[in-house]
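# Examination of the molecular architecture
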Amino acid sequence: MIVTADTFPSAVSLMRTRPATAAGAEELYRDTDQFITQGSEMLQQDPARWTPVLENMSTVVKDNFCSQLHQVDRVPALSEACREAALQALQMGLLAGAIDGTLLFVMHKDEALQAAPIVAPSTIETEALPDREELEKRLKEILAGAAAGLRDMGVWAVRQASFLAKTTGTEAVEQAGAIPDSGLPKVAYQAFLLTCFATGYAAAGLDSALIVGAGELP
């Protein structure tokens, strides 16, 4: 993972390597919430300093993921490699979602909660691999859904959606071990990684809505 200079200590923790297991995924979720808490506090204290840092981190993470996704040339032959790839995609999605969600709910909370949703909080289409511009559009839709969920359904519903997204992400990491024996074509494997990323992004966006938007723990 990429470590950006002048970054948050919790970002370094969130980006470090973990075992590609359910326990590794659960650790990621805890570190994501810590990042959101710390990031929102620092952003509120000094937005002029931290806004460009966070925006740069978000761009780097999404650029890297999109590049890696399009560079996949084959499905890994080893189960562990598939699990590691799934966890890394989930991790990158969590970091990007935590950054974008923190920026949204600290800097633009009122307008985010007033905007009409475009799609459900954890939905992303995977019929074709998106380019970088299309990926950004879809991720913004996910955050819009998280904000709308908080506004229209309340804290309990957003907390349940967060739990569902995290459960889905953990299951994806565990189930990725079966991919080498499944005969999955490359394009379907790429779509699977995209879904892992989007699931992490949605989970972090929902937790940002809870921690920053509602002042609640996930």
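Residues numbered from 1 in each chain as written. Predicted model: local features only at pLDDT ≥ 70, side-chain atom pairs only at ≥ 80, totals over all residues. Heavy atoms only, no water.

### Structural notes on the overall build of the chain
Condition: Helix and strand definitions here come from DSSP, where helices need a minimum of 4 consecutive H or I residues and strands a minimum of 2 consecutive E residues; each element is numbered from the N-terminal end. Here the term buried applies to any residue with accessible area under 20% of the maximum for its type, exposed to any over 50%, and partly exposed to those in between, with areas from a 1.4 Å probe on protein chains only. Contact definition: two residues touch when any of their heavy atoms are within 4.5 Å. Using a 1.4 Å probe, the Shrake-Rupley method yields the accessible areas, and only the shown protein chains count as cover for residues.
Broken down by element type, the chain carries eight helices and zero strands. Secondary structure elements of the chain occur, N-terminal to C-terminal, as α-α-α-α-α-α-α-α. The buried share among the 218 residues of the chain stands at 53%. Across the chain, contacts joining residues at least 24 apart in sequence account for 85% of those joining residues at least 6 apart. On the chain, roughly 9,800 Å² of surface is accessible, and the fraction owed to carbon and sulfur atoms is 54%.

### A word on the confidence of the model for the chain
Under the convention used in this document: Residue-level confidence of the predictor, termed pLDDT, takes values from 0 up to 100.
Chain-level statistics for the chain give a pLDDT mean of 89 and a share of 89% at 70 or above. In the predicted structure, residues 1-5 sits below a pLDDT of 50 and forms 13 contacts with residues beyond four places in sequence or in another chain. Every residue in residues 119-126 scores below 50 in pLDDT, and together they form 19 contacts with partners more than four places removed in sequence or on other chains.

### Considerations on the pattern of salt bridges
In plain terms, the rule: A pair is scored as a salt bridge if a Lys or Arg side-chain nitrogen falls within 4 Å of a carboxyl oxygen belonging to Asp or Glu.
With the rule as written, the count across this model stands at 13 salt bridges. Notably, a salt bridge pairs Arg18 with Glu27, separated by 3.6 Å at the nearest N-O pair. No difference in accessibility class separates Arg18 from Glu27, as the two residues are buried. The closest approach of N and O atoms between Asp31 and Arg18, which form a salt bridge, is 2.2 Å. Here Asp31 is found in helix H2 (residues 22-45), whereas its partner Arg18 is found in the loop between helix H1 (9-15) and H2, with 13 residues between them in sequence. On the accessibility criterion, Arg18 (8% relative accessible area) is buried.

### Topic: helix H7 (residues 155-175)
To keep things clear, this is the line we draw: By definition here, a helix of n residues has an expected span of 1.5 Å times n minus one.
Along its 21 residues, H7 runs 30 Å from first to last C-alpha, staying within 8% of the 30 Å computed at 1.5 Å per residue. Against the buried residues of H7 lie H2, helix H4 (79-107), helix H6 (132-152) and helix H8 (186-213).

### As for the side chain of Thr199
For Thr199, the position within the fold is in helix H8. Overall, Thr199 belongs to the buried group, its relative accessible area being 11%.

### Some remarks on the nonpolar core
Heads up, the rule is: Take the buried residues of types Ala, Val, Leu, Ile, Met, Phe, Trp, Tyr and Cys, join any two whose side-chain atoms come within 4.5 Å, and each joined set is a nonpolar core.
Grouped together as the largest cluster of nonpolar side chains are 68 residues, with contacts concentrated most on Phe35, Phe65, Tyr189, Phe192, Leu193 and Phe197. Those elements giving two or more residues to this core turn out to be H1, H2, helix H3 (47-71), H4, helix H5 (109-114), H6, H7 and H8.

### Description of the environment of Leu210
Secondary-structure assignment places Leu210 in helix H8. Excluding residues within four positions of it along the chain, Leu210 makes contact with Val155, Val158, Arg159, Gly215, Glu216 and Pro218.

### Quick word on the packing of H7 against H8
Rules: Angles shown run from 0 to 180 degrees and are taken between the N-to-C directions of axes, each axis being a line fitted to C-alpha atoms and, for helices, limited to the stretch in contact. Here roughly perpendicular refers to angles of 65 to 115 degrees, roughly parallel to angles under 35, roughly antiparallel to angles over 145, and oblique to all remaining angles. Handedness of a crossing follows from how the near helix is turned relative to the far one, being left-handed for an anticlockwise turn of less than a right angle and right-handed for a clockwise one. The classification used treats Ala, Val, Leu, Ile, Met, Phe, Trp, Tyr, Cys and Pro as nonpolar, Asp, Glu, Lys and Arg as charged, and all other residues, Gly among them, as polar.
Contact geometry of H7 with H8 gives a least axis separation of 9 Å together with a crossing angle of 150°. Classified by the angle their axes make, H7 and H8 are roughly antiparallel. In the packing of H7 onto H8, the handedness of the crossing is left-handed. Contact with H7, carried on its side by Val155, Val158, Arg159, Ala161, Ser162, Ala165, Lys166, Thr168, Gly169 and Ala172, involves Phe192, Cys196, Thr199, Ala203, Leu206, Asp207, Ala209 and Leu210 of H8 and no other residues of that element. Within the contact of H7 with H8, the residues separate by chemical class into eleven nonpolar, four polar and three charged.

### A look at the packing of H3 against H8
Contact geometry for H3 and H8: axes closest at 10 Å, N-to-C directions at 165°. Of the possible angle classes, the one that applies to H3 and H8 is roughly antiparallel. H3 and H8 meet at a crossing whose hand is right-handed. Taken together, the residues of H8 that come into contact with H3 (itself represented by Lys62, Phe65, Leu69 and His70) are Gln190, Leu193, Leu194 and Phe197. Looking at the contact of H3 with H8, its residues break down into five nonpolar, two polar and one charged.

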